[in-house]
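Read off the chains here:
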Amino acid sequence: LTMFMRSLAIFAIGCSSASAFMPAAHLPARATMSPAAACSRRAPLGLRMQSKVELTPELFTKIDADGSGFIDAQELRSALSQMGEAKAVDSIMARADVNGDGEISYDEYVRLMQMEKFGDDEGGNVLVRQFQFSGFLPKDSVLGYTAMVGNKGFDPLGLAGTGSDETTLNQYREAEIKHGRLAMLAALGWPIAEEFQPLLSQALGKPDLLAAGKDAVSERAPSLLNGGLENISPAFFALGIVFSAAVEFLALQWGGKVEEGEYQPGDLGFDPLGLYKGKEESVRYDYRLKELNNGRLAMVAITWYAFEEFLTGRSILENAGIDNAVN
């Protein structure tokens, strides 16, 4: 029980920091601006709408009359005319249209909502301001400019880029999403394999591929630290390489569509249950954010799995007080 509580405490500490990971895709940015132009987008208070209009997800859907997922200047002018704010169109577009493509995406709209609440500096991102103030984020970091979902402002090494060029940032985001998805599968598959693989191998008369633990009772999932990878068929690794290459090839083909707004980093079109396609932009945004957060958490979890089993010599199931069957 003591071992389990200690492991749980350490794991919780790691989990608490997962959401602060740097947003990271191998794609070109939709559009870029010079750092000087980016700075000029920090509009003074005088450019805000004079009447108090609360920006909400429902309002975005209402203004987006054609359901394209973007608000163009004409849609914005039509909506603001009804509010008596027609003159504010240009100033709002200047504040909200981060990439200068003449449209406001929902990600940019969320950024605008943050700016209305917390001020225009760094796109209203309070976390970016805090990291810049503490010296953990360069003052000219692209994280203070981008409207990318899941931006927690954590980039102490300055890898995301500077100014308004999001090319490198998109590359990291694509990579982050892919690693997060693999980690979510691994975080679930690791304990399931340790629990059921011995039973399945006995039932099918096949070799038990789990790596031996520090005693005869415990068996652990094969890994670089646990060993046992030499018992896995080379065909498994070959299949993994072919599958990964196919996914990367598709991403490279679709990556060029980022500039037209037709591709989101990590969006491979896999939605067999129809949970994402056809939904309102606010729902899609929420799904993207949840996938990022769960992927970041899973990357922390799977890393802890590997080190916990290596340090204790026992499976994560045994450390959690759950016996995995061997015989």
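The rules behind the values
- Residues numbered from 1 in each chain as written.
- Predicted model: local features only at pLDDT ≥ 70, side-chain atom pairs only at ≥ 80, totals over all residues.
- Heavy atoms only, no water.
- Helix = DSSP H or I, 4+ residues; strand = E, 2+ residues; numbered from the N terminus.
- Buried < 20%, exposed > 50% of the residue type's maximum accessible area, 1.4 Å probe, protein only.
- Areas by Shrake-Rupley, 256 points an atom, 1.4 Å probe, with all protein chains shown as cover.
- Salt bridge = Lys/Arg side-chain N within 4 Å of Asp/Glu carboxyl O.
- Lys, Arg positive; Asp, Glu negative; His and termini not counted.
- Polar contact = N/O pair within 3.5 Å; in protein donor to acceptor, adjacent residues only side chain to side chain.
- Contact = heavy atoms within 4.5 Å.
- Core = buried A, V, L, I, M, F, W, Y, C linked by side-chain atoms within 4.5 Å.
- Phe/Tyr/Trp six-rings, centres within 6.5 Å; stacked < 30°, edge-to-face > 60°.
- Bend = angle between axes of the 7 residues up to and from the residue.
- Axes fitted to C-alpha atoms, helices over the stretch in contact; angles between N-to-C directions.
- Parallel < 35°, antiparallel > 145°, perpendicular 65-115°, else oblique.
- Nonpolar A, V, L, I, M, F, W, Y, C, P; charged D, E, K, R; others polar.
- Arc of directions from axis to C-beta.
- pLDDT = per-residue confidence, 0-100.

1. A few points about the overall build of the protein chain
Part 1 of the argument: On a plain count of helices and strands, the protein chain comes out with 11 helices and four strands.
Part 2 of the argument: Expressed as a percentage of its 327 residues, the buried residues of the protein chain come to 42%.
Part 3 of the argument: As presented, the protein chain carries roughly 17600 Å² of accessible surface, and 64% of it is formed by carbon and sulfur atoms.

2. Quick notes on the pattern of salt bridges
Part 1 of the argument: For the structure on display, the rule yields 11 salt bridges.
Part 2 of the argument: As a salt-bridge pair, glutamate 291 and arginine 181 come within 2.6 Å of each other at their nearest N and O atoms. Here the residue glutamate 291 occupies a position in helix H10 (residues 281-312), and arginine 181 occupies one in helix H8 (residues 167-204), the gap between them amounting to 110 residues.
Part 3 of the argument: Overall, glutamate 291 belongs to the partly exposed group, its relative accessible area being 28%.

3. Describing the side chain of aspartate 271
Part 1 of the argument: Within the secondary structure layout, aspartate 271 lies in the loop between helix H9 (234-255) and H10.
Part 2 of the argument: Buried charge without a salt bridge: aspartate 271, with lysine 277 as the nearest opposite-charge side chain at an N-O distance of 5.9 Å.
Part 3 of the argument: There is a polar contact of 2.9 Å between the side chain of aspartate 271 and the backbone nitrogen of tyrosine 276.
Part 4 of the argument: Once residues within four sequence positions are removed from consideration, aspartate 271 is found in contact with Tyr276 and Lys277.

4. Here we look at the nonpolar core
Part 1 of the argument: If you look at the biggest cluster of nonpolar residues, it comprises 23 residues, and the most contacted ones within it are Leu76, Ile104 and Tyr109.
Part 2 of the argument: Going through the elements one at a time, helix H3 (57-63), helix H4 (73-82), helix H5 (89-96), helix H6 (106-118) and H10 are the ones with two or more residues in this core.
Part 3 of the argument: With residues up to four places along the chain from it excluded, the contact list for isoleucine 104 reads Phe60, Gly69, Phe70, Ile71, Leu76, Met93, Ala96 and Tyr109.

5. Digging into unusual backbone geometry
Part 1 of the argument: Phi angles above zero are rare outside glycine, and glutamate 122 is one such case at about 55°.
Part 2 of the argument: Its location among the elements puts glutamate 122 in the loop between H6 and helix H7 (126-134).

6. Quick word on the packing of aromatic side chains
Part 1 of the argument: Tallied over the entire structure, the rule returns seven aromatic pairs.
Part 2 of the argument: When the ring of tyrosine 106 is compared with that of tyrosine 285, the centres are 5.5 Å apart and the planes differ by 70°; the resulting orientation is edge-to-face. Taken together, the positions of tyrosine 106 in helix H6 and tyrosine 285 in helix H10 put the pair 179 residues apart, joining distant regions of the chain.
Part 3 of the argument: Tyrosine 106 gets classed as buried once you look at its relative accessible area, which sits at 4%.
Part 4 of the argument: Classification of tyrosine 285 by relative accessible area gives buried; the value is 14%.
Part 5 of the argument: Through pairs of rings, three or more aromatic residues link up here, namely Phe60, Tyr106, Tyr109 and Tyr285.

7. With respect to the environment of glutamate 318
Part 1 of the argument: Structurally, the position occupied by glutamate 318 is in helix H11 (residues 316-319).
Part 2 of the argument: Among the residues examined, glutamate 318 registers a relative accessible area of 24% and is labelled partly exposed.
Part 3 of the argument: Distance from glutamate 318 to glutamate 219, taken between C-alpha atoms, is 9.1 Å for residues 99 residues apart in sequence.

8. Observations regarding H8
Part 1 of the argument: Of all the bends in H8, the greatest, near 45°, is centred on phenylalanine 196, and the proline proline 198 appears no more than four residues after it.
Part 2 of the argument: Count one or two residues on from H8 and you reach glycine 205, which has phi positive near 70°.

9. A short note on the environment of leucine 143
Part 1 of the argument: With respect to the helices and strands, the residue leucine 143 is situated in the loop between H7 and H8.
Part 2 of the argument: Take leucine 143: its relative accessible area is 1%, and that puts it in the buried class.
Part 3 of the argument: Remark: the alpha-carbon pair of leucine 143 and aspartate 155, spanning 12 residues in sequence, is separated by 8.3 Å.

10. Focus on the packing of H6 against H10
Part 1 of the argument: H10 packs onto H6 with a crossing angle of 85° between their chain directions and a minimal axis gap of 10 Å. By the angle between their directions, the pair H6 and H10 is classed as roughly perpendicular. Every residue of H10 that contacts H6 at Tyr106, Asp107 and Val110 is listed here: Glu281, Ser282, Tyr285 and Arg288.
Part 2 of the argument: Class assignment for the residues of the contact of H6 with H10 results in three nonpolar, one polar and three charged.

11. Comments concerning the packing of H5 against H6
Part 1 of the argument: Where H5 contacts H6, the two axes come as close as 9 Å, and the packing angle between them is 105°. By the angle class used here, H5 and H6 are roughly perpendicular. In this structure, H5 contributes Ile92, Arg95 and Ala96 to the contact, and H6 contributes Glu108, Arg111, Leu112, Met115 and Glu116.
Part 2 of the argument: Of the residues belonging to the contact of H5 with H6, the class tally is four nonpolar, no polar and four charged.

12. Focus on H7
For an α-helix the count is 3.6 residues per turn, leaving residues at separations of three or four pointing the same way.
Part 1 of the argument: Those residues of H7 that sit buried are Val128, Phe131 and Gln132. The buried residues of H7 all sit within an arc of 100° when viewed along its axis, so they share a single face.
Part 2 of the argument: A side-chain oxygen of the first residue of H7 lies 3.1 Å from the backbone nitrogen of leucine 127; this N-cap is asparagine 125.
Part 3 of the argument: One or two steps after H7, the chain reaches glycine 135, where phi turns positive at roughly 90°.

13. Digging into the confidence of the model for the protein chain
Part 1 of the argument: Residues with a pLDDT of 70 or more make up 77% of the protein chain, whose mean pLDDT is 79.
Part 2 of the argument: For the protein chain, the element scoring lowest by mean pLDDT is helix H2 (residues 35-40), at 41; H10 scores highest, at 94.
Part 3 of the argument: Contacts from residues 1-47, a stretch scored under 50 in pLDDT, to residues over four places away or in other chains number 121 contacts.

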